[in-house]
Amino acid sequence: PTSLRDIAAMIALYRPGPMEHIETFINAKHGRAEVKYIHPSLREILEETYGIIVYQDQVLLIAQAMAGYSLGEADIVRKAMGKKIASVMREERERFVNGALAQGFREEVASQVFDLIEPFAGYAFNKAHSVSYAVIAYWTAYFKANHTVEYLTALLDSYAGNNDRIAVVVNECARLKIKVLPPDINHSNAQFSIDRDDKGAKAIRFGFATIKNVGAGAASALVRSRDTHGEFASLQEFCRAADLRGINRRALESIIKVGVLDKLGPRGDLLASIPRILAVAQKEVQLRQSGQTTMFDLLGQNIETPLGGLELVSTDAVTPREKLAWERELLGVPLSDNPISAIAFSKNTNAISFRNELDDQVNQRISVVGEISLVTPRTRKDGKPFVIATLELLGGNVEIMAWPDVYQKDPSKWLEGNFLWIVGKVRERMGSLSVHADEARIFELPDESVVANQIGHNSGFDPGIPKEVVIEQESPSDSLEHTSALPFPERNGKASTNPDQNNSSKVGESTGEEFLQRTLILNLVDTGDPQAAFLLKDTMQLLLDYPGRDRIHLDIVTEGKRKRLEMPFTTGFCPELEDRLASLIGRGRTIVR
């Protein structure tokens, strides 16, 4: 779209009637197709939409221009068309044609126009509505592009109480490398708010009222308490100064489970100590209401004076899996170190980790990685067992069908809590997607320190930055020592092939076929030309257009030194890609080994 008018047309086009003309509209807008009009007299009415009827208003104006209807009469016809009453339609057709004949149009043209406007009339959007929606669409696009954190914070607030929508926005924040911080007793407001991460960059903080079982009143009371007292340095301070009158046991449990009090004690110990915490807090309220003085008042708040009866119960540490489950239940999205996030943003694999990426992959063979959260055993009529499993992804889950030939290879893989890499075809049935597995493997998670450093919302990790190596040798074909990429196939599940298999790394198997991994080296020279950045971007996009498992190294000569960039994604080298690279950067600049 290049104007508000284009956005309005986009909104109106995606409805029964105009939809079949979308491609024609696009080609006409870009000058790839000639604009044609039903009749020259309708040019003024249809010129802004390239000869295509898009709006209800155009139906009315055509009836007025061709058949002599008043706009009121034309609207009555439009409503009749929408109800599709055959007898009424026959009468209106006759009236329309007769009116057109009286206006000097041929009967053939009049019938053709009536046949054209009939399907539009009942479904087409009116222009006023389309333009109104277009203005809002433009506003929101502008805010997202220019005030991203503020816009997404407001969007999260608008979805309060709708965990599914909140999860979608949080995943969008992760994609945009905007950190979403968990609720914190010393930093959260009642609703979502803008905060700063540990590096000083803008981030979004979950609020107290966004936690399930915590009401708006209790959330506001916590914020007021902190604003009056200042940050809480200890659990004792929290019990003494926080207004917990609106917080019952269930609400306190939810607060602890999502990490609000993590700075005041371990989650497990805090959960086990809830009766003690509530008892001490209630005692403090009674003391204040009775006018009695506590040791804190006598000695001042700067002196640490522990309150009796608040020693925490010592328990086993809460597991990362428990934290994720609690956060998913109470916030709508897990915020602690999430292995799936590390997988999704590491860029070491082309496997899908976002749920919404599956929507446009129907009938395609893909790779997907996630956590098994539910396994339902089944048996076919012939007695052979299979399973239906739920695979958790970022932003949702998908059903996995593992038929006997896949399931019986190793039933032990199909256990809740396992992280699996699945290769299979995406199927759709009655609006629901599933993946029919052709192959399944246990995905070996990176160790916890790697996960913590790679998750987009918990660190400054930028998976899009390649590793740079300065090469002292002068020959572009000199070999270096490399770390192999993780053993994943590309999205289409096909193995990369190479006639020279002796120089390829065997890194996996799929349905009996070996995956071969090569390294594609592109030799480039930094000339200092500002246009080189655009050329490099086009080159990277071209490599992404060919999914595969081949590693990519850029050897760039700059200021007399040659540097190697090991790209954080892979490609699928083939003759077609080789030809397209040659036309873009010139022949003789690619080496494959």
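This is a predicted model, so every value here is computed, not measured.

Asks: Would you mind going over the overall build of the protein chain with me for this structure?
Replies: When helices and strands are counted, the protein chain shows 22 helices and 15 strands. Per-residue burial for the protein chain yields a buried fraction of 45% across its 593 residues. Within the protein chain, counting contacts between residues at least 6 apart in sequence, those at least 24 apart form 61% of the total. With an accessible surface of roughly 30600 Å², the protein chain has 50% of that area assigned to carbon and sulfur atoms.

Asks: How do you make sense of unusual backbone geometry when you look at a structure like this?
Replies: Leave glycine aside and you will find that most residues have negative phi; peptide bonds, for their part, are mostly trans. Positive phi outside glycine occurs at Tyr-50, with the angle close to 55°. A positive phi angle, close to 60°, is found at Lys-177, a residue other than glycine. With respect to the helices, strands and loops of the structure, Lys-177 is situated in the loop between α10 (163-175) and β1 (180-181). A relative accessible area of 37% places Lys-177 in the partly exposed class.

Asks: Looking at this model, I keep getting lost on the packing of helix α9 (residues 148-158) against α10. Mind explaining?
Replies: For any two helices packed against each other, the geometry comes down to the angle between their axes and how far apart the axes lie. Closest axis-to-axis distance for the α9/α10 pair is 9 Å, and the angle between their directions is 165°. Taken together, α9 and α10 sit at an angle that is classed as roughly antiparallel. Of the two elements, α9 crosses α10, and the hand of that crossing is left-handed. Counting all contacts with α9, which are made through Leu-152, Leu-155 and Leu-156, the residues of α10 involved are Ile-166, Val-169, Val-170 and Cys-173. Of the residues in the contact of α9 with α10, the class split is seven nonpolar, no polar and no charged.

Asks: Just to check I follow, could you spell out helix α13 (residues 249-257) for this structure?
Replies: Since there are 3.6 residues in each turn of an α-helix, residues three or four apart along the chain are aligned in direction. When we look at burial in α13, the residues that qualify are Ala-251, Leu-252, Ser-254, Ile-255, Ile-256 and Lys-257. Where α13 begins, one side-chain oxygen reaches toward the backbone nitrogen of Arg-250, 3.2 Å away; that side chain belongs to Asn-248. Phi for Gly-259, located one or two positions after α13, is positive at around 95°.

Asks: Help me out: how do you make sense of the sheet that holds strand β8 (residues 432-442) in this one?
Replies: Sheet strands pair by backbone hydrogen bonding; their relative direction is either parallel or antiparallel. On the basis of which strands lie adjacent, the closed barrel formed by five strands has the order β4-β5-β6-β8-β7 and mixed pairing. Averaged over all pairs of adjacent strands, the angle between strand axes in this sheet comes to 50°, irrespective of strand direction. When strand β6 (residues 396-402) meets β8, the two strands line up parallel, connected through three bridges. Directly across from Glu-399, in β8, lies its bridge partner Ser-434.

Asks: Help me understand the side chain of Thr-210 in this model?
Replies: The topology assignment puts Thr-210 in the loop between β3 (202-205) and α11 (216-229). Since its relative accessible area comes to 11%, Thr-210 is described here as buried. Only 2.5 Å separates the side chain of Thr-210 from the backbone oxygen of Gly-207, close enough to count as a polar contact. Discounting residues that sit within four places of it in the chain, Thr-210 has contacts with Ala-190, Gln-191, Phe-192, Leu-330 and Leu-331.

Asks: Would you take a moment to explain the packing of aromatic side chains for this structure?
Replies: Aromatic rings in a pair are described by how distant their centres are and how their planes are angled relative to each other. Under the counting rule described, the total for this entry stands at eight aromatic pairs. Residues Tyr-69 and Phe-96 carry aromatic rings whose centres are separated by 6.3 Å and whose planes lie at 40° to one another, so their mutual orientation is tilted. Of the two residues, Tyr-69 is situated in the loop between α4 (56-67) and α5 (71-83) and Phe-96 in helix α6 (residues 86-102); the sequence distance between them amounts to 27 residues. Each member of the pair, Tyr-69 together with Phe-96, is buried.

Asks: Help me understand the sheet that holds β1, please; the structure alone is not making it clear to me.
Replies: The three strands lie next to each other as β1-β3-β2, forming an open sheet whose pairing is mixed. The sheet is open, and its two borders are formed by β1 and β2 (193-196), each paired with just one other strand. Of the pairings in the sheet, the one linking β2 to β3 comprises four bridges and is antiparallel in character. In the sheet register, Ser-193 faces β3, and the bridge partner there is Arg-205.

Conventions adopted
- Residues numbered from 1 in each chain as written.
- Predicted model: local features only at pLDDT ≥ 70, side-chain atom pairs only at ≥ 80, totals over all residues.
- Heavy atoms only, no water.
- Helix = DSSP H or I, 4+ residues; strand = E, 2+ residues; numbered from the N terminus.
- Buried < 20%, exposed > 50% of the residue type's maximum accessible area, 1.4 Å probe, protein only.
- Contact = heavy atoms within 4.5 Å.
- Areas by Shrake-Rupley, 256 points an atom, 1.4 Å probe, with all protein chains shown as cover.
- Axes fitted to C-alpha atoms, helices over the stretch in contact; angles between N-to-C directions.
- Parallel < 35°, antiparallel > 145°, perpendicular 65-115°, else oblique.
- Left-handed = near helix turned anticlockwise from the far one by under 90°.
- Nonpolar A, V, L, I, M, F, W, Y, C, P; charged D, E, K, R; others polar.
- Polar contact = N/O pair within 3.5 Å; in protein donor to acceptor, adjacent residues only side chain to side chain.
- Pairing = 2+ DSSP bridges.
- Phe/Tyr/Trp six-rings, centres within 6.5 Å; stacked < 30°, edge-to-face > 60°.

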